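Chain by chain, the residues:
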Amino acid sequence: MQKAQFGAETAKDGAFVRQGNRFTDRITRDSDSAPGEGPDAQGRWPVEAGRYRLVVSLACPWAHRSVVVRRLLGLDDAISLAVVDPYRDDSGWAFTLDPDGRDPVLGVTHLAQVYARTDPAYTGRVTVPAVVDTVTGLVVTNDYPQITLDLSTEWVDHHAPGAPRLLPDDPAARAEMDALIEVVFREVNNGVYRCGFATTQEAYEAAFATLFARLDALSEHLETRRYLMGDTVTEADVRLFTTLVRFDAAYHGHFKCNRSKLTEMPVLWAYARDLFQHDGFGETVDFAHIKRHYYATHPMINPTRIVPVGPDLSGWTTPHGREALTSS
């Protein structure tokens, strides 16, 4: 067995097992806390525009979800954004992109300092996205699946006029979407990591087979519908997009997900371009950050830390032809 990139998250059989989310409080409209106060007895913080800071890496697909949803819903003024350096060393995510290497709002040089302030006993990986309370300086949540859902449901009073509804109103459609989200997370979003961070041939090949079987199924699913749930963009599309947009730039080579490039899967490639050209998606993508993070911060996988020049990214803005699948 090869040495793992993240030993604490590697099973005995060499499979990558992602750590859980340490901070799972929520910001909700029904919080019993008054403005300026901390969480209520149920861990619910009050919704307050301008109070919370969303800390992200533009390289990270989990963080990218929250950036896209924040943009789609028009929450840019309600929730401030902090962007860390894409290169993550042993000290973790750093605010080196800011003047003097310090976040101007939180006053720290590393996100790890905020984690330690919130839970001095925490020893796991420091992850993004993280929502930080600027009043107390504490992490409210790093629960990335819930963060984007709450942006849709709890921040409605601050949505821009005409903001899209990313979560279906119909209970049956919502249940269908939630089930799809779960399988996409397990087999695609996390599936590429299970390929890349596997430390045995057997674990890698199992993850590889599962990943491409699901991508093939998604291709078939999208042959007759423009988006995953029909004619409109939903949360499900955001979650799949952030993996697809990194596929050729990082996962195909760095994580050995190399049966096919995204550009060699016609339906998924057209679908991904459709989303990329949709307001709120393409302008939030930073391929330079993506490549620098993956190739330079996983020395067990890429010991030279050389960042590749390719791939050619010009195709992302070419016509996709998916409009024809929209129902009249």
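Each remark here, short or long, concerns the structure printed above.
Note on numbering: residues in each chain are counted from 1, in written sequence order. Local features are withheld for residues below a pLDDT of 70 in this predicted model, meaning they are given only at 70 or higher, and side-chain atom pairs are given and counted only at 80 or more; totals for whole chains, interfaces and linings count all residues. With hydrogens and water excluded, all non-hydrogen atoms of the structure serve as input to the side-chain values.

Here we come to the sheet that holds strand β4 (residues 80-83). Strands in a sheet are paired, the pairing made by backbone hydrogen bonds, and the direction either parallel or antiparallel. By definition, two strands form a pair when at least two bridges between them are found by DSSP. For the purposes of this entry, the term helix denotes a DSSP run of H or I that reaches at least four residues, the term strand denotes a run of E that reaches at least two, and both are numbered from the N terminus. One open sheet holds the four strands; their spatial order is β4-β3-β5-β6, and the pairing between them is mixed. Sheet topology places β4 and β6 (139-141) at the edges, where each strand pairs with a single neighbour. Within the sheet, the average angular offset between the axes of one strand and its neighbour, ignoring direction, is 35°. As judged from the four bridges shared by strand β3 (residues 52-56) and strand β5 (residues 130-133), these two strands associate in the antiparallel manner. Bridge assignment links Leu-54 to a residue of β5, and that residue is Val-131. Any pair of residues with heavy atoms lying within 4.5 Å of one another is described as a contacting pair. Throughout, an axis means a line fitted to C-alpha atoms (over the contacting stretch in the case of helices), and angles, computed between N-to-C directions, take values from 0 to 180 degrees. Here helix α1 (residues 61-72) sits on the sheet in contact with β3 and β4, set at roughly 130° to β3.

On to helix α8 (residues 266-276). Relative accessibility under 20% of the residue-type maximum defines a buried residue, over 50% an exposed one, and the middle range a partly exposed one, all with a 1.4 Å probe and only protein chains included. Among the 11 residues in α8, 10 count as buried, and that is most of the element. Every buried residue of α8 is listed here: Val-267, Leu-268, Trp-269, Ala-270, Tyr-271, Ala-272, Arg-273, Asp-274, Leu-275 and Phe-276. Against the buried residues of α8 lie α6 (201-221), α7 (235-251) and α9 (287-296).

Let's shift gears to the nonpolar core. One finds Leu-215 and Phe-247 to be the most contacted residues of the largest nonpolar core, which totals 96 residues. In terms of residue count, the dominant contributor to this core is α7 (10 residues). If sequence neighbours within four positions are ignored, Phe-247 has contacts with Val-192, Leu-211, Phe-212, Leu-215, His-252, Cys-257, Ser-260, Leu-262 and Met-265. The term nonpolar core refers to a set of buried residues drawn from Ala, Val, Leu, Ile, Met, Phe, Trp, Tyr and Cys, joined through side-chain atoms within 4.5 Å.

Running from N to C, helix α4 (residues 171-189) and α7 cross one another at 10°; their axes reach a closest spacing of 9 Å. Taken together, the axis directions place α4 and α7 in an arrangement best described as roughly parallel. Listed contacts from α7 to Met-177, Ile-181, Val-184, Val-188 and Asn-189 of α4 are Glu-235, Ala-236, Arg-239, Leu-240 and Thr-243. Amino acid classes used here: Ala, Val, Leu, Ile, Met, Phe, Trp, Tyr, Cys and Pro are nonpolar; Asp, Glu, Lys and Arg are charged; the rest, including Gly, are polar. Partitioned by chemical class, the residues of the contact of α4 with α7 number six nonpolar, two polar and two charged. What sets the label is the angle itself: under 35 degrees gives roughly parallel, over 145 gives roughly antiparallel, 65 to 115 gives roughly perpendicular, and the rest give oblique.

Cysteine sulfur atoms are paired as a disulfide whenever they come within 2.5 Å of each other. Counted according to the given criterion, the structure contains zero disulfides. Here Cys-60 is not cross-linked by a disulfide; its sulfur's nearest cysteine counterpart is in Cys-257, at 16 Å. Relative accessible area serves as the criterion here: at 7%, Cys-60 is assigned to the buried category. In this model Cys-257 remains outside any disulfide bridge; the closest cysteine sulfur is found in Cys-195, 4.0 Å from its own.

So, about the side chain of Asp-103. Mapped onto the elements of the fold, Asp-103 is located in the loop between β4 and α2 (111-118). Whenever two N or O atoms come within 3.5 Å, that pair is a polar contact, provided that in protein one can donate a hydrogen and the other can accept it, and provided that, for residues adjacent in sequence, both atoms are side-chain atoms. Within the structure, the side chain of Asp-103 is placed 2.6 Å from the backbone nitrogen of Leu-106, a separation counted as a polar contact. Filtering out sequence-adjacent residues up to four positions away, Asp-103 remains in contact with Arg-53, Ala-82, Phe-95, Asp-98 and Val-108.

Grid spacing is 1 Å over the protein atoms alone, the probe is 1.4 Å, and a cavity is where that probe fits but cannot get out, while a pocket is an open set with protein on both sides within 12 Å along at least five of seven lines and lining residues have an atom within 4 Å of a point. Grid points are joined across faces, edges and corners, and a volume is the space filled by probe spheres set on the points. Per the counting criterion, the structure on display carries two cavities of 30 Å³ or more. Of the pockets and cavities examined, the second largest cavity occupies roughly 160 Å³. The wall of the second largest cavity is formed by 16 residues, among which Ile-27, Val-131, Thr-141, Ile-147 and Leu-151 lie closest to the centre. The set of elements that each furnish at least two residues to the lining of the second largest cavity consists of β1 (26-28), β3 and α3 (144-153). By residue number, the principal contributor to the lining of the second largest cavity is α3, which donates four residues. Class assignment for the residues of the lining of the second largest cavity results in eight nonpolar, three polar and five charged.

Think of a salt bridge as a Lys or Arg side-chain nitrogen and an Asp or Glu carboxyl oxygen that are within 4 Å of each other. Enumeration according to the criterion identifies 21 salt bridges in this entry. Residues Arg-53 and Asp-103 are paired through a salt bridge, measuring 3.0 Å at the closest nitrogen-oxygen approach. Of this pair, Arg-53 sits in strand β3 while Asp-103 sits in the loop between β4 and α2, and the two are 50 residues apart along the sequence. The two residues Arg-53 and Asp-103 agree in class, both being buried. The structure contains a network of salt bridges with shared partners spanning Arg-26, Arg-29, Asp-150 and Glu-154.

This part covers the packing of aromatic side chains. Classification of ring pairs uses Phe, Tyr and Trp, with its six-membered ring standing for Trp, and accepts pairs whose centres are within 6.5 Å; under 30 degrees between planes counts as stacked, over 60 as edge-to-face, and the remaining range as tilted. Evaluated as defined, the whole model comprises 24 aromatic pairs. Here Tyr-251 and Tyr-294 contribute two aromatic rings whose centre-to-centre distance is 5.3 Å and whose plane-to-plane angle is 85°, an arrangement assigned as edge-to-face. Pair noted here: Tyr-251 is in helix α7 and Tyr-294 is in helix α9, with a separation of 43 residues, a long-range link. According to the relative accessible area criterion, Tyr-294 is buried, its value standing at 1%. Taking the centre distance of 4.9 Å and the plane angle of 80° together, the rings of Trp-269 and Trp-316 count as edge-to-face. In this pair, Trp-269 sits in helix α8 while Trp-316 sits in the segment after α9, placing the two residues 47 residues apart along the sequence. We classify Trp-269 as buried; its relative accessible area is 13%.

Turning our eyes to something else, we now look at the pairing of β3. Among the five residues of β3, five are classified as buried, and the element is accordingly described as predominantly covered. Of the pairings in the sheet, the one linking β3 to β4 comprises four bridges and is parallel in character. Within β4, the position partnered with Leu-54 by the bridge is Leu-81.

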